Structures are given as structure tokens and as C-alpha cells.
Amino acid sequence: MILSERRVTLKSRRQVELMRRAGRLVADVLDRVGDEIRPGITTGDLDRIAEEMIRRSGGIPSFIGVAGAGGPYRHSICVSIDDEVVHGIPGRRRIEAGQVVSIDAGAIVEGWHGDAARTFIVGDAPVRVRELVDETRRGMFAGIAAARAGNTIGDIAAAVEAVALEHGYGVLRDYGGHGIGSEMHEEPFVPNFRGAGRGRKLEPGMCLAIEPMFTLGGPEVRVRDDGWTVATADGSLAAHWEHTIAILAEGTEILTVNDRGERLSGEAGV
Ligand code: MG
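Asks: Explain unusual backbone geometry residue by residue, including any values.
Replies: With omega at 5°, the peptide bond leading from Glu187 into Pro188 counts as cis. Summarising the element assignment, Pro188 is placed in strand S8 (residues 186-190). The backbone phi angle of Asp82 is positive, close to 55°, even though this residue is not glycine. Assessed through its relative accessible area of 22%, Asp82 is described here as partly exposed.

Right, dumping it as C-alpha cells:
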């Protein structure tokens, strides 16, 4: 899914302001869902909480209706547990203590998108699991730090990958970040590993979703029979963090944040 780089759009100040509003809503949703994650709650409950919150705030859940091999997506968030990396479908499954739960959320406000993900640990987990979650987040921030005007997409990829290489984590190859704006998935593709060339030069007005997906095992994944859930081929645990950012002349801004700030550890309340 390396996309061509023809249709990269640059956003105006006004458009970035609308994306800031969408991003703030997505951050609020992730805060709320993170507060609700506890043993016994179903993944479908989390989805309903997110959908209600997005709609009540005047937004539209952007994941609903997205086309995929499993048919149009019907939910407002993805809930990916343990060896599931991304695109886990909410339903009747109950959250259990010790699980690694990745929540991906997206919202549209006045036609403009925000997209972000966090990984939570439900209660206690071994040190190497906590480290995976924390270091995937650090990989995201390393990518964001490299995402400045004058650098290239390849600089983001190299910065993210360097964090994974320190620990020997698997890095997904076929999934990565993306341009974002009036559509959730715009060009360019933003890989989390080097080797795709240096790629396009970053310019003010570019908005990107930067989203490392690291595993405790290899980089290979399989899509489950539901046509959506992407899980590690070797059954190893995975983590996923994502922010939407805007590259501006004065510096790079993270759009998927709110005034509350982001919890540092990715830890879920139990
Ligand atoms: Mg995304």
C-alpha cells in the first residue's frame, strides 16, 4: 500500500484550525475510552461510548463506512487486543486484566479529520510488555520530531525505526502513517522503516498521521477471517500509537491533543 505521491495536498491556516478541532475531539474520546477500559467492559461498550461522544460534540465518526475486505466498517473505533495490531472490530468480547488494548479513533469536524491511537495496559503486565508500549509511543514522538519542513518522509521513517531497532521489535511493513485532511487517508504513505527511499520533501501545510506499530516478535501479520483484524503472524504482542500532526512554517504541531494533556504511561484505569 505504498501510495503514489501525486495528490499530496497542503492545508491552509483555516483548514489546519478545523483539523485542530477534530484532533481535540479525538483526544477527548481517547481520554474517555481510556478511563473506561477495565476488566469486564466489552469492546462494543467502548465503541458506543466513543460514538456517542463524537456525535454529541457535533462530529462524525470517520471510521464508519470505510471500505475493506471485510465489508464497510461499522464502528467508531478499532479495539485491537494483545496480538492484534490494528483494525480490531468492537463487539461482545470482554476486556480482561493484563491485556494490551490498542484504541484507534477518528472524527470529522466540519469536513476535516483527526486520527489518533493509544495502547493501554489493563492493570499489570511484565516489564517487557510495558516497555513495548512505552517505546512504541517514543517511536511515534521520534517520528514527529523528524517531521519538519525541509526533512523528508524517509527521515520520519528512519527516526521511528531507530527506536524499534534499539529493542529488536518487529515493525509492520505494509501498514503505516498517511497524509490526512478532508479525507482520512491521503497521500503520502508514511512508512515506519527505511528502504522506501527518502521520499517526498516535507513542506508547511502538510498534515500527516504518524503511527508506529511495533511487535515483540516479527513484522509479519495476517488479516483474520473477519477481513479487518490485523494480527501478528507469530502471535506476539503488539502496540500502536498515532497522532495527527501539521507541519507549519513555525514548527510542527500535534493536532490530536486537548488541554488535559496526554497520560504518559498509556496505563488504563482498573
Ligand atoms: Mg491512521
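Having seen the structure, we can now continue with the description.
Asks: Kindly report on the environment of Gln99, identifying the contributing residues and their values.
Replies: With respect to the element layout, Gln99 can be found in the loop between strand S3 (84-86) and strand S4 (100-109). As for Gln99 and Arg38, which are separated by 61 residues in sequence, their C-alpha atoms are 9.8 Å apart. Leaving out residues up to four positions away in the same chain, Gln99 has contacts with Ile81, Asp82, Arg94, Phe120, Ile121 and Val122.

Asks: Describe the pattern of salt bridges, listing the residues and the values that go with them.
Replies: Summed over all chains, the structure comprises 20 salt bridges. Between Arg198 and Asp155 there is a salt bridge, and its shortest N-O distance comes to 3.3 Å. With a gap of 43 residues between them, Arg198 in the loop between S8 and strand S9 (207-210) and Asp155 in helix H4 (residues 153-167) connect regions that are remote in the sequence. One connected set of salt bridges, linked through shared partners, spans Asp83, Glu84, Arg93 and Arg224.

Asks: Got a sec to walk through the sheet that holds strand S14 (residues 243-248)? Specific residues and values, please.
Replies: In spatial order, the strands read S8-S7-S9-S14-S15; together these 5 strands make up an open sheet with antiparallel pairing. Since the sheet does not close on itself, it has two edges, and those belong to S8 and strand S15 (251-254), each with one partner. With strand direction ignored, the average angle separating the axes of adjacent strands in the sheet is 25°. Bridge analysis of S9 against S14 gives 4 bridges, and the strand direction is antiparallel. Bridge assignment links Leu208 to a residue of S14, and that residue is Ile245. Packed onto the sheet, helix H3 (residues 127-146) meets S9, S14 and S15 and runs at close to 15° relative to S14. Against the sheet, H4 contacts S8 and S9, and its axis sits at roughly 40° relative to S8.

Asks: Describe the environment of His167, with residues and values.
Replies: Residue placement: His167 occurs in helix H4. Residue classification places His167 among the partly exposed residues on the basis of a relative accessible area of 30%. In the structure, His167 is positioned 25 residues away from Ala142 in sequence and 15 Å away in space, judged by C-alpha atoms. Not counting residues up to four positions away in its chain, the partners in contact with His167 are Glu131, Glu135 and Arg138.

Asks: Break down the pairing of S14 for me, citing the residues and quoting the values.
Replies: Most of S14 is tucked away: 6 of the 6 residues are buried. Between the antiparallel neighbours S14 and S15 lie 2 residues.

About the cut-offs
- Residues numbered from 1 in each chain as written.
- Predicted model: local features only at pLDDT ≥ 70, side-chain atom pairs only at ≥ 80, totals over all residues.
- Heavy atoms only, no water.
- Helix = DSSP H or I, 4+ residues; strand = E, 2+ residues; numbered from the N terminus.
- Buried < 20%, exposed > 50% of the residue type's maximum accessible area, 1.4 Å probe, protein only.
- Contact = heavy atoms within 4.5 Å.
- Salt bridge = Lys/Arg side-chain N within 4 Å of Asp/Glu carboxyl O.
- Pairing = 2+ DSSP bridges.
- Axes fitted to C-alpha atoms, helices over the stretch in contact; angles between N-to-C directions.

Structural measurements only, silent on function.
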